[in-house]
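What follows is the residue order along each chain.
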Amino acid sequence: MTTGQLIKAARKKAGMTQEELGKKIGVSGSSMAQWENDLRNPKLDTLQRIAAALGVPVQDLISDWEAVDKEEFKRVFIYGEGIKDRIDAALDRLNDEGQEKAAERVEELTEIPKYQK
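We now turn to the structure provided with this report. Bear in mind the structure is a predicted one, so any value in this text is a computation, not a measurement.

1. A word on the nonpolar core
Consideration 1: Membership of the largest hydrophobic core comes to 19 residues, with the highest contact counts inside it found for Ile-7, Leu-21, Ile-25, Met-32, Leu-47, Ile-50 and Leu-61.
Consideration 2: With six residues, the single largest contributor to this core is helix α4 (residues 44–54).
Consideration 3: When residues no more than four places from it in sequence are discounted, the contact partners of Leu-21 are Arg-11, Met-16, Met-32, Ile-50, Ala-53 and Leu-54.

Structure, rendered in structure tokens:
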């Protein structure tokens, strides 16, 4: 399966429309359609946001690891760029009470020396 087909299958399994998924990740439904129809390929950080919004591992949406840009991979997955997008997408899936609890947990983590900068 292509990346577009994998995105479409995961989206349908999640019971979302292209418009709904696009709204969750901050893109138009037409962008989603272009990716699902393999007219364009999303960048890795966008693919990461899609995966987070659908509740699937990002590797489940990558069809051709040979085609993945190695520098972009390092930037997104090794050096951590895109983490805020993942957190934002996860927060969007929570209600107000869940978002408050998530904020409390992040604040707790900032007090642990192991996780501090």
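2. Some details on helix α2 (residues 18–25)
Consideration 1: Turning to α2, its buried residues are Leu-21, Gly-22 and Ile-25. Along the axis of α2, the buried residues cluster in a sector spanning 100°; they form a single face. Among the exposed residues of α2, those pointing more than 90 degrees away from its buried face are Glu-19 and Lys-23.
Consideration 2: Looking at the packing, one finds that the buried side of α2 touches α1 (3–13), α3 (29–36) and α4.
Consideration 3: The first or second residue beyond α2 is Gly-26, which carries a positive phi of 85°.

3. Remarks on unusual backbone geometry
Consideration 1: Positive phi is not limited to glycine here, since Asp-38 has a value of about 60°.
Consideration 2: Among the structural elements, Asp-38 can be located in the loop between α3 and α4.
Consideration 3: Assessed through its relative accessible area of 35%, Asp-38 is described here as partly exposed.

Cut-off values and rules
Residues numbered from 1 in each chain as written. Predicted model: local features only at pLDDT ≥ 70, side-chain atom pairs only at ≥ 80, totals over all residues. Heavy atoms only, no water. Core = buried A, V, L, I, M, F, W, Y, C linked by side-chain atoms within 4.5 Å. Buried < 20%, exposed > 50% of the residue type's maximum accessible area, 1.4 Å probe, protein only. Helix = DSSP H or I, 4+ residues; strand = E, 2+ residues; numbered from the N terminus. Contact = heavy atoms within 4.5 Å. Arc of directions from axis to C-beta.

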